[in-house]
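Read off the chains here:
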Amino acid sequence: MKGRWVLLVHGGAKEIEPHEEEDNRTGCLEALQAGTELLGRGGSAVDAVEASIRVLERLPVFNAGFGSVLNVRGEVEMCAAMMDGATLDVGAVGALMGVRHPVSAARAMLRKEPVLLAGAGAFAFARDNHVELVAPESMVAAHREDGHDTVGAVALDLNGNIAAGTSTGGLEDAAKGRMGDSPMPGCGFYADNKIGGVALSGHGEGIARLAAAAQIMGAIKQLGPEQAIEKALSQMERVGGDAGGIALDPDGRTGWWHNSPHFAVALASRDAPDGRVWLHKAEEKE
Ligand code: GLY
């Protein structure tokens, strides 16, 4: 055991209306708690990331799982991913309908050969691997908040293992089958025990065109997590769109940055296990 654990979760790079602030704070803290309970008793980073994201997928205030925005056909189509920094295993699902927790479909993929399955193939995989299925229309939340984005988590566990995960309903009114950065390693997420872990949120086409997660991983050692995110996401103006990211490194250094109006982020560690939550970067300094 290396003796240190850290967990960062986020509820999306987006604009948070005043009436949504409380739900964003309590939702991120609930997700944080689900992960810290595992990490605190020696659980794995992979388990903590999945547990945290499952909470966010359950809450309609977040654009993931039950709160997902609708595509142009009025359907909930979801993408999710998990990466294990110990093995560099990736499991990702895209344009997936009819599962309760897409992150758990991604988790079930983690030790399998394919990195990414989409659409009917992803559904068949989920069904055959005992991932909880639901009627696709039951995932349409009556009180979902439009204009919100991808959730994610990154964790460092007591054994020094790092994991990252994402989950999203994608972009509102998107074409059927459209996938953004969230299920693509090096774009919306990455984890490597030797370097760190990152999870991104925001305009998926822009993040993918920048290969933003790859850029951040390449800069973490030199710049540290926060400056690495800022440097990569500052380039969003070249491709258009808002984004936000969370990251950590093997020493437990953490960082987060966004160019979106808000970015709901919660952080806990062995030294501060109760955690803190912020809705935008300026709040951190208040
Ligand atoms: N960032 C999520 C998406 O664009 O689909």
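Check the entry above for the structure.
Residues numbered from 1 in each chain as written. Predicted model: local features only at pLDDT ≥ 70, side-chain atom pairs only at ≥ 80, totals over all residues. Heavy atoms only, no water.

Visitor: In this structure, what is going on with the pairing of strand E8 (residues 196–202)? I would like to understand it.
Guide: Looking down a regular strand, the side chains alternate between one sheet face and the other. Across the 7 residues that make up E8, a large majority, 7, are buried. With burial as the criterion, each face of E8 is covered, one bearing Gly196, Val198, Leu200 and Gly202 and the other bearing Gly197, Ala199 and Ser201. Two strands pair when backbone bridges link them, and strand E7 (residues 189–192) and E8 are joined in this way by 4 bridges, in the antiparallel orientation. Paired with phenylalanine 189 across the bridge in E8 is alanine 199. For E8 and strand E9 (residues 243–248), the ladder comprises 6 bridges, and the chain directions are antiparallel. Of the residues in E9, the one forming a bridge with glycine 197 is leucine 248. (Buried < 20%, exposed > 50% of the residue type's maximum accessible area, 1.4 Å probe, protein only. Helix = DSSP H or I, 4+ residues; strand = E, 2+ residues; numbered from the N terminus. Pairing = 2+ DSSP bridges.)

Visitor: I would appreciate a short explanation of the packing of helix H1 (residues 21–40) against helix H2 (residues 45–58) in the present structure.
Guide: What describes two packed helices is the angle between their axes and the distance between those same axes. Between H1 and H2, whose axes approach to 8 Å, the crossing angle comes to 155°. In terms of their interaxial angle, H1 and H2 are classed as roughly antiparallel. Regarding H1 and H2, the two cross each other, and that crossing is right-handed. The residues of H2 that touch H1, namely those facing Gly27, Cys28, Glu30, Ala31, Leu32, Ala34, Gly35, Leu38 and Leu39, are Ala45, Asp47, Ala48, Ala51, Ser52, Val55, Leu56 and Arg58. Tallied by class, the residues present in the contact of H1 with H2 amount to 11 nonpolar, 3 polar and 3 charged. (Axes fitted to C-alpha atoms, helices over the stretch in contact; angles between N-to-C directions. Parallel < 35°, antiparallel > 145°, perpendicular 65-115°, else oblique. Left-handed = near helix turned anticlockwise from the far one by under 90°. Contact = heavy atoms within 4.5 Å. Nonpolar A, V, L, I, M, F, W, Y, C, P; charged D, E, K, R; others polar.)

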